[in-house]
Amino acid sequence: MKILRTKKEVSTFVNIIKKTNKSLGYVPTMGALHQGHGSLIEQSVSENNYTLVSIFVNPTQFDNATDLNKYPRTLDNDVTLIERISGDIIIFAPKANELYDSKIVSKNYYFDGLEYEMEGKHRAGHFDGVGTILDIFFSLIQPNKAYFGEKDFQQLQIVKKLVAKYNLDVTIIGCPIFREASGLAMSSRNERLSKNSRKEAAFIYKTLLKAKEKFGTKSAIKVEEWVTDQFAKNKHFNLEYVSIANVDTLKPVKRKSKNKKYRIFIAAFIDNIRLIDNIALN
Ligand code: AMP
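Residues numbered from 1 in each chain as written. Predicted model: local features only at pLDDT ≥ 70, side-chain atom pairs only at ≥ 80, totals over all residues. Heavy atoms only, no water.

Q: Provide a residue-level description of the site of the ligand, including the pertinent values.
A: Around the ligand, the surrounding shell holds 17 residues, and the nearest of these are Met30, Gly149, Asp152, Phe178 and Met186. Met30 has a polar backbone atom sitting 2.9 Å from an oxygen atom of the ligand. Contacts to the ligand include Asp152, whose side-chain N or O atom sits 2.6 Å from an oxygen atom. Coverage of the ligand by the protein amounts to 93% of the 490 Å² it exposes when considered alone. Contributing elements (two or more residues each) for the shell around the ligand: strand 2 (24-29), helix 2 (35-47) and strand 5 (145-149). Tallying contributions element by element places helix 2 first for the shell around the ligand, with three residues. Of the residues in the shell around the ligand, the class split is nine nonpolar, six polar and two charged. (Near = heavy atom within 4 Å. Polar contact = N/O pair within 3.5 Å; in protein donor to acceptor, adjacent residues only side chain to side chain. Areas by Shrake-Rupley, 256 points an atom, 1.4 Å probe, with all protein chains shown as cover. Helix = DSSP H or I, 4+ residues; strand = E, 2+ residues; numbered from the N terminus. Nonpolar A, V, L, I, M, F, W, Y, C, P; charged D, E, K, R; others polar.)

As structure tokens, then:
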């Protein structure tokens, strides 16, 4: 298993691949890998000659120092998970100052307003941090395809926007959400939940499914109200937001249209841990 630590090592590897005309798939992660990440990595391995996985907890996309400090870092386990998929995968696990030099700051981006909705409203500067780090990774790694989970659907749409706006030569592939048996979306943050909270957390997905059913006959606003009410009644959770939004603009739906695609998005706290999830409604 090859673990690269420096930009120079990555450039050397990329230059060799580019000379052979082989394809390179890229899966950016923040580590603490689970089967959700594994599914992205497997898809990349099946579609490309080479796959590179980056493991980097990007400081500029956190708006909260505690969340950044508590973010699980489990490189040895991550390497084992990746090795089980294939011993040929290349891991890039740099330190922050390797990527950011001396100043760990974001650039400013305009993603045509996608960044103002949902996560953007509640996590100041988050998508500037995501844009900044992906700019760095994409220009260094030059992948043919890059894989992102629908778990972070807003991020997926923003990455597609970044690539379109800046004319980047990479195809963005969106991958379905991988769930625990209970329906809870897999997340590195689930590791921080108590056993009981992890069981309770399946409530998010159950509520999303019921909301989807209701969306067949009720307005978006009514369904959002119903979800808000369900969370208010659940003593384990604090709902941060629920939004039924158009998948392209991410703006809340006012009036449903048969020709448009919608998803429902939730962010909620349990045990002071913030979980997000979403599903397609039509
Ligand atoms: P993260 O390490 O949380 O930054 O996630 C790295 C990538 O894995 C992102 O594109 C996520 O959307 C994706 N991902 C995280 N959890 C899941 C999941 N449960 N199913 C599918 N993809 C996921």
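Q: So what's going on with the packing of helix 2 against helix 4 (residues 75-85)? Which residues, and what values?
A: Remark: helix 2 packs on helix 4, axes separated minimally by 10 Å, with the N-to-C direction vectors making an angle of 40°. The two elements helix 2 and helix 4 meet at a crossing, and its hand is right-handed. Where helix 2 abuts helix 4, its residues Gly38, Ile41, Glu42 and Val45 lie against Leu81, Ile82 and Ile85. Considered class by class, the residues forming the contact of helix 2 with helix 4 number five nonpolar, one polar and one charged. (Axes fitted to C-alpha atoms, helices over the stretch in contact; angles between N-to-C directions. Left-handed = near helix turned anticlockwise from the far one by under 90°. Contact = heavy atoms within 4.5 Å.)

Q: Just give me the short version of helix 8 (residues 153-165), but keep the residues and values in it.
A: Residue pairs spaced three or four apart in an α-helix point in one direction, given the helix's 3.6 residues per turn. Between its first and last C-alpha atoms helix 8 spans 18 Å; for 13 residues at 1.5 Å apiece the expected length is 18 Å, and the two agree. When helix 8 is considered as a whole, its buried residues turn out to be Phe153, Gln154, Gln155, Leu156, Gln157, Ile158, Val159, Leu162 and Val163. Looking at the packing, one finds that the buried side of helix 8 touches helix 6 (118-122), helix 7 (126-141), strand 5, strand 6 (171-175), strand 8 (262-270) and strand 9 (273-280). (Expected span 1.5 Å × (residues − 1). Buried < 20%, exposed > 50% of the residue type's maximum accessible area, 1.4 Å probe, protein only.)

Q: An account of the side chain of Gln157 is requested, with residue identities and associated values reported.
A: With respect to the secondary-structure elements, Gln157 resides in helix 8. Setting aside chain neighbours within four positions, we find Gln157 in contact with Leu114, Val247, Asp248 and Leu250.

Q: Mind laying out the sheet that holds strand 3 (residues 50-55), listing which residues take part and the relevant values?
A: Strand order in this open sheet of six strands is 1-4-3-2-5-6, and the pairing throughout is parallel. The strands lining the two open edges of the sheet, one partner per strand, are strand 1 (2-4) and strand 6. When strand polarity is set aside, the average angle formed by the axes of neighbouring strands in this sheet is 25°. Across two bridges, strand 2 lies against strand 5 in parallel orientation. Paired with Tyr26 across the bridge in strand 5 is Ala146. Against the sheet, helix 4 contacts strand 1, strand 3 and strand 4 (90-92), and its axis sits at roughly 165° relative to strand 3. (Pairing = 2+ DSSP bridges.)

Q: Outline the environment of Val57, supporting the account with residue identities and numerical values.
A: With respect to the helices and strands, Val57 occurs in the loop between strand 3 and helix 3 (65-70). On a C-alpha basis, the gap between Val57 and Arg189 in space is 13 Å, while along the polypeptide they are 132 residues apart. Contacts of Val57, omitting those with residues within four sequence positions, involve Met30, Phe62, Leu68, Tyr71 and Arg73.

Q: Report on unusual backbone geometry, specifying residues and quantitative values.
A: The backbone of Asp112 sits at a positive phi, close to 55°, despite the residue not being glycine. Here Asp112 is to be found in the loop between helix 5 (96-100) and helix 6. For Met118, which is not glycine, the phi dihedral falls at a positive 35°. As for its placement among the helices and strands, Met118 is situated in helix 6.

Q: Describe the pairing of strand 7 (residues 237-246), listing the residues and the values that go with them.
A: Counting buried residues along strand 7, seven of its ten residues qualify, which places the element largely inside the surrounding structure. Direction of pairing for strand 7 relative to strand 8: antiparallel, over a ladder of nine bridges. Residue pairing in the sheet places Ala245 in a bridge with Arg263 of strand 8.

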